[in-house]
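# Secondary and tertiary structure notes
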Amino acid sequence: MIAGLMMVMGTQAWAAGTTDVDQIVAKRRAHQADIDYYTSRYDGADLAAKANCAEPVMPSHSASRDGVKQVRNNIAEWSECYNQFIGSYNALLPAGKAIPADVAAVMTDAERKVAATRMDMAYTEIAMEMQRKAQALDVKAELWAQATSEFLKDPSYVKHFKQNYYSVNNSDNGMASYVVGSAMPGQRPTADNRR
């Protein structure tokens, strides 16, 4: 009987030294709602909460250095939120890692696989939405930089903006990480004025 239950439960309960069938069944019953949540209802709300980055206010162009600075600060705030999201996303990988150990210990191998698949799908959907927002912001920022350059009659502004205000670095997981510099046009970026 124990061997049959251990086959259903997988190796985790056995490895934990739990051989009493009643104890295993009791622990499983105590966590049944959690098991059902991870295998049937998990929607990534924990990760989605970290993806709630307020879209930066971006006018069609900025007419002054103060306006430029404000847009840069707005992008920097969004960038910080986005990078925190990437950190949270990476911390949850591989999918299934976020299942509490006491719950995972009483799940069957099949339940852990179903939960990991469900979690992976939720993470992917949320990450793709954040990537879409990042790409949309990139387009808006590019248009803003071009319009600001034209308004300020400074053709070097777009190039400077691309190099110092808003550069994309690809990370290992394929997500982009945004780095916002704080140098103003005409000022060379240094380690002290880069964020």
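A few points on the structure.

Helix and strand content of the chain: 9 helices and 2 strands. Helices and strands in the chain line up, N terminus first, as α-α-α-α-α-α-α-α-α-β-β. Considering only contacts in the chain between residues 6 or more positions apart, those separated by 24 or more positions represent 66%. With the model as given, the accessible surface of the chain reaches about 11100 Å², and the carbon-plus-sulfur share is 55%.

Quick look at the packing of helix α4 (residues 32-41) against helix α8 (residues 109-151) now. Across the interface, α4 lies against α8 with an axial gap of 7 Å and an inter-helix angle of 50°. The angle between α4 and α8 falls in the class oblique. Where α4 approaches α8, its residues I35, Y38, T39, S40 and R41 are matched on the opposing element by E111, V114, A115, R118 and M119. Broken down by class, the residue content of the contact of α4 with α8 amounts to 5 nonpolar, 2 polar and 3 charged.

Definitions and cut-offs
Residues numbered from 1 in each chain as written. Predicted model: local features only at pLDDT ≥ 70, side-chain atom pairs only at ≥ 80, totals over all residues. Heavy atoms only, no water. Helix = DSSP H or I, 4+ residues; strand = E, 2+ residues; numbered from the N terminus. Contact = heavy atoms within 4.5 Å. Areas by Shrake-Rupley, 256 points an atom, 1.4 Å probe, with all protein chains shown as cover. Axes fitted to C-alpha atoms, helices over the stretch in contact; angles between N-to-C directions. Parallel < 35°, antiparallel > 145°, perpendicular 65-115°, else oblique. Nonpolar A, V, L, I, M, F, W, Y, C, P; charged D, E, K, R; others polar.

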